[in-house]
Amino acid sequence: MEPRQAHHGELAAELAALQLQLNHAEDGWQTVCSCEADAQAAGEGQEPSVAAGHVDHACRLLIEEIAEGALMVSRAGVVVYANRAFATLLGRPQHETIGRRIEDCFAPEAHPRLARVLGARGGLRRRMQLDLLTAGGRRVATRLSTGQLQLPGAPELTFLVVKDLTPQRRHDAALAKRESALQDMRERQQRTENHLQEVLAAIPAHVALLDTRGVIVSVNEAWKQFAKSNGYQGGDFGIGQNYADLCGGVSEGQDAHDAASAAEHIRSVLSGQSAEAALEYPCHSPTEDRWFRMTVAALKSGPDGGTVDGAIVMHINISERKQAESAERTALAEKLLIARAVEQSAEGLMVTDSRRRIVKVNHAFEAITGYADSDVLGRTPRLLSSGRQDRTFYEAMWAAVETSGHWRGEIWSRRKDGTVYPLSMSVSRLDDADGQPMNYVASFSDISERKAAEERVRRMAHFDALTGLPNRALLVERAAHELRIAHRSDGQLALMFIDLDHFKHINDSLGHAVGDGLLVALAERFQQALREQDTLARSGGDEFVLLLPGTDAPGAAHVAQKLLALASLPYRVDRHELSITPSIGIALYPVDGEDFGALARAADAAMYRAKQGGRNRFRFHTADIHAQSARMLQLENALRQALAHSEFSLRYQPQFDGTGQQIVGAEALLRWHNRELGTVSPAEFIAIAESSGLITSIGEWVLRTASQQMRAWLDDGLAPLTLAVNLSAVQFRQPNLTETVTRIVGEAGIAPELLELELTESVASDDPAAAVTVMNELHAHGVRMSIDDFGTGYSSLSYLKRFKVDRLKIDRSFVGSLPDSGEDQAIVKAIISLARSLGMKTIAEGVETQAQARFLREQGCDEMQGYWFSRPLTAGQFARFAKAHHPPAAGRPG
Ligand SMILES: Nc1nc2c(ncn2[C@@H]2O[C@H](COP(=O)(O)O[C@H]3[C@@H](O)[C@H](n4cnc5c(=O)[nH]c(N)nc54)O[C@@H]3COP(=O)(O)O)[C@@H](O)[C@H]2O)c(=O)[nH]1
């Protein structure tokens, strides 16, 4: 604003000067006129103070000297006097001017007016402008002041004062020209100002004009709108306020540092330190992120533009650019991130062009394949091919990539060093904007370790860890496969169950490591003797199963004999010379069964028969074995319902002291009566209950019923007796045995000391250490224990001394031949002696004769049980029997 004002001022001053000159000229003219008038007035009435002649002379001189032309014209129109100035103006000598007719001196159009002047009377004074006509014929604009002079005694004359208007006109013209120029300038300036206002109004930038102090003098529309939209309350939009002060009020979304910089920029520009300054700053609103660029430029004036008259401040919204820059930065950062991720990825990456030429690989690619990028760039991935997949595989792979855009799978690849390894790979197609393949990207990882682990898991799932033989699961798979073939081809197949005889003795006596060594050696021997298509599996412990595809009965017998012979050769394990024999059961497809389950049961039953038949032999499955198997299955099915159908009952067989006179206890014996099967001996069904797992619930029932019976007897006045209850090995291995026993006894309300658990030797010999722990627990709760059928098993004597056992029960097989059998005598004596040395009592079972009882008594057997004393009795019978024999009765207890 200020530069334009200054320019106007100059023009105005110039204009004023011209005007002044005009006025002076006008005033001068007025003065001349008034002097003329005064002179006229003086000539007409006033008394001259000096001599009239002198004045007249002076007037003449004066008139002669004045710059204006002066002349006297007679009424006839003849110039009677003309001063020098007029003659000069006319371009004639003075003497040629005087005497001329006045019309000769003026342009023709002036003549009528001149005539009227000459004809006027009475001193009428006039003014007019007429063109003088010079001697050379040139027109000269003049202004005439006329009047009449009536001097006494003289004819009336008309005087004319002629002023050359040429200088005036020239001056006026110049003045008009300048005025015109000035006007043009004013108009241009106005137009410029209008344009400027329009531009300021039109531009989206927020513009403020500041004066030299930094006070806002004007703002544009955009400024106002922005102020309004940002909640600026003042109607002045900041006009009149110092901009730098405004900057001090930082609002939310602005930065104090930016505000200070803005104020500093303004001060710098206004002080002339810098012509222009700019600042980009954030000015976020609650709803959007905004950035502005503030530009401060000096407004200058003066001839060299060196005077700072103010400043223009512009704020341009650069949010779009900033956002674009930000997006660009983000995109760049993302690109860098992706590039870094690609480079640092543990997955190998390979990018090809549309012609499947490798254009990019990452670090992991090099690490996995062994190829540097320089090795592979420009080449096709065929370089990595292992040759393990055929052409069809690759065609299918690329077909999937081309049709669905993607393929994922496992593939074998070859490293630079030639090693072949498995990859998990995915291939994706990247298309251009037209949907044409542009690149193919393959990402892959080396899955050698995973494959190896899978193989290990597969081996663990299908192979026996000790011998490396297939396990039962793999055997079942292979058997199913071979059975399908046999079924299709109407062929035959043999399945053998091989169980080592008394293998447990080796484990127990020499340790598991030796037992394991023996199993491995045996497996190797067997394996070497078999055909490739045969499967020898270890199904657990000392049990092996042999699958012989395409084998009939003679073939199976031949193999069995060979295995028996091989097995019987001596073994050397850890400096131990060992021998072992197997018992083999053979089942044949399809006669003994059409599926693996049926064949396995038949082979198992046959193997059991081989054991029963004296071991170290093989037995084919036969009709009677089949019948026995069927019976066992029938019993098992019926057993499952027995508890629910209340088919069980207990019998109680009395136990006497060594004298055979006093009853000391009873053994609870389980009885099962089924409606269809009739009465089934526990000697038959207990084993089935054990193998089917039913023994746990059945055993609990026995324990509970016997305990409750004891409570009932006590309540009935029976003297306390020891009640022996048989405990199966399966029950003994139950983890909560102690808790179950003490709970049942507690619920029945009897002292634990009245209960004795009869454990078979196998209970103790399976895992003596664990048995010691359980026995200690039971003992700690007051429960008594005895070892049943002692002498038939293979008790570890070293453990026996640690067992919390009260009695050893001499098996009835040693009692039956007493006193005749010297061997049995020896065994019985040894057991009695051993028990004594271990601080245990002995009880002999199966005492059927007086001679047996006598012998046992003589040997110091503590207690006896058998038909000689009593058969197993019902609870009521036992109560009566016990009352009759307690206190001690004389003679046979009967
Ligand atoms: N786990 C469990 N086993 C039990 C349970 N009840 C019985 N059994 C075991 O079943 C096997 C057969 O028992 P059982 O048919 O009851 O035969 C017992 C007696 O009746 C029989 N006995 C008794 N005295 C004589 C005799 O003088 N001569 C003769 N020939 N037999 C006789 O002996 C069997 C008792 O044997 P034991 O238990 O070893 O003392 C048998 O092994 C039972 O243990 C049960 O509830 N749970």
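Residues numbered from 1 in each chain as written. Predicted model: local features only at pLDDT ≥ 70, side-chain atom pairs only at ≥ 80, totals over all residues. Heavy atoms only, no water.

Draft legend 1. View of the overall build of the protein. On a plain count of helices and strands, the protein comes out with 32 helices and 31 strands. Residue burial in the protein is summarised as follows: out of 894 residues, 42% are buried. Excluding contacts between residues fewer than 6 apart, the proportion of contacts in the protein whose partners are at least 24 apart in sequence is 56%. Summed over all atoms, the accessible surface of the protein reaches about 45,600 Å², with 53% contributed by carbon and sulfur. (Helix = DSSP H or I, 4+ residues; strand = E, 2+ residues; numbered from the N terminus. Buried < 20%, exposed > 50% of the residue type's maximum accessible area, 1.4 Å probe, protein only. Contact = heavy atoms within 4.5 Å. Areas by Shrake-Rupley, 256 points an atom, 1.4 Å probe, with all protein chains shown as cover.)

Draft legend 2. A look at the packing of helix α30 (residues 822-837) against helix α31 (residues 850-859). Relative to each other, α30 and α31 sit at 40 degrees, their axes nearing to 10 Å. Judged by the angle between their axes, α30 and α31 are oblique. Note on packing geometry: the crossing formed by α30 with α31 is right-handed. Residues Q825, V828, K829, I832 and R836 of α30 form the contact with α31, whose own contacting residues are F855, L856 and Q859. Of the residues in the contact of α30 with α31, the class split is 4 nonpolar, 2 polar and 2 charged. (Axes fitted to C-alpha atoms, helices over the stretch in contact; angles between N-to-C directions. Parallel < 35°, antiparallel > 145°, perpendicular 65-115°, else oblique. Left-handed = near helix turned anticlockwise from the far one by under 90°. Nonpolar A, V, L, I, M, F, W, Y, C, P; charged D, E, K, R; others polar.)

Draft legend 3. The pairing of strand β13 (residues 406-414), seen in detail. Across the two faces of β13 the burial differs, with W407, G409, I411 and S413 buried and H406, R408, E410, W412 and R414 not buried at all. Bridge count for β13 against strand β14 (residues 420-431) is 9 bridges, and the pairing is antiparallel. From the neighbouring strand, W407 faces β14, where its bridge partner is V427. The turn joining β13 and β14, which pair antiparallel and follow one another in sequence, is formed by 5 residues; a positive phi near 95 degrees is taken by G418. (Pairing = 2+ DSSP bridges.)

Draft legend 4. Inspection of the pattern of salt bridges at higher detail. A complete count under the given rule lists 46 salt bridges for this structure. E68 is the partner of K163 in a salt bridge, and the nearest nitrogen-oxygen pair spans 3.5 Å. Taken together, the positions of K163 in strand β5 (residues 157-164) and E68 in the loop between α2 (52-65) and β1 (69-74) put the pair 95 residues apart, joining distant regions of the chain. For the pair K163 and E68, a shared accessibility class is recorded, and that class is buried. For D446, the salt bridge identified is with R415, shortest N-O distance 2.6 Å. Separated by 31 residues along the polypeptide, D446 in strand β15 (residues 437-446) and R415 in the loop between β13 and β14 bring together distant segments of the chain. Here the residues in one salt-bridge network are E280, R293, R321, K322 and E325, joined through shared partners. (Salt bridge = Lys/Arg side-chain N within 4 Å of Asp/Glu carboxyl O.)

Draft legend 5. Structural context of the site of the ligand. Close contacts around the ligand come from 23 residues, with E667, R671, R812, E845 and E848 the closest. Within the contact set of the ligand, an oxygen atom lies 2.7 Å away from a side-chain nitrogen or oxygen of R812. With respect to the ligand, the side chain of E845 contributes an N or O atom lying 2.3 Å from an oxygen atom. Coverage of the ligand by the protein chains reaches 85% of its 800 Å² of free accessible surface. Elements supplying a minimum of two residues to the shell around the ligand: β24 (663-674), α22 (682-692) and β28 (784-790). For the shell around the ligand, the element with the most residues is β24, which contributes 4 residues. For the shell around the ligand, the class distribution of residues is 9 nonpolar, 5 polar and 9 charged. (Near = heavy atom within 4 Å. Polar contact = N/O pair within 3.5 Å; in protein donor to acceptor, adjacent residues only side chain to side chain.)

Draft legend 6. Quick peek at the packing of aromatic side chains. Tallying each qualifying case throughout the model produces 18 aromatic pairs. Seen in terms of ring centroids, W713 and F878 are 4.7 Å apart; in terms of plane orientation they differ by 35 degrees. Their pairing is tilted. Linking W713 in helix α23 (residues 695-715) with F878 in helix α32 (residues 875-884), this pair joins segments that are 165 residues apart in sequence. The same class applies to W713 and to F878, which are both buried. By the ring-pair criterion, three or more aromatic residues cluster together here, those being F648, W672, F685 and W701. The cationic tip of R356 hangs over the ring face of W398; the distance from NZ or CZ to the ring centre is 3.8 Å. Between the NZ or CZ atom of R525 and the centre of the ring of Y571, over which it lies, the distance is 3.5 Å. (Phe/Tyr/Trp six-rings, centres within 6.5 Å; stacked < 30°, edge-to-face > 60°. Lys NZ or Arg CZ within 6 Å of the ring centre and 35° of its normal.)

Draft legend 7. Just α22, in detail. Inspection of α22 places F685, I688 and A689 among the buried residues, and these make up the whole buried set. One face of α22 carries all of its buried residues, which in axial projection span an arc of 100 degrees. Residues of α22 that are exposed and point over 90 degrees away from its buried face: A683 and S691. If you follow the buried residues of α22, they end up packed against α21 (623-642), β23 (648-657), β24, β25 (678-680) and α23. Among the residues of α22, the N-terminal cap falls to S681, whose side-chain oxygen and the backbone nitrogen of A683 are separated by 2.9 Å. (Arc of directions from axis to C-beta.)

Draft legend 8. How the structure looks around the sheet that holds strand β9 (residues 291-301). With respect to topology, 5 strands assemble into an open sheet ordered β7-β6-β10-β9-β8, the strand pairing being antiparallel. Each of the sheet's edge strands pairs with one partner strand only, and the pair in question is β7 (216-219) and β8 (276-282). Across the sheet, the mean angle separating the axes of adjacent strands is 20 degrees when strand polarity is ignored. When strand β6 (residues 206-210) meets strand β10 (residues 307-317), the two strands line up antiparallel, connected through 5 bridges. Residue pairing for β10: L209 is matched across the bridge by I312. Relative to the sheet, helix α10 (residues 256-270) contacts β6, β8, β9 and β10, its axis offset from that of β8 by approximately 170 degrees. Contacting β8, β9 and β10, helix α11 (residues 319-344) crosses the sheet at an angle of about 135 degrees to β9.

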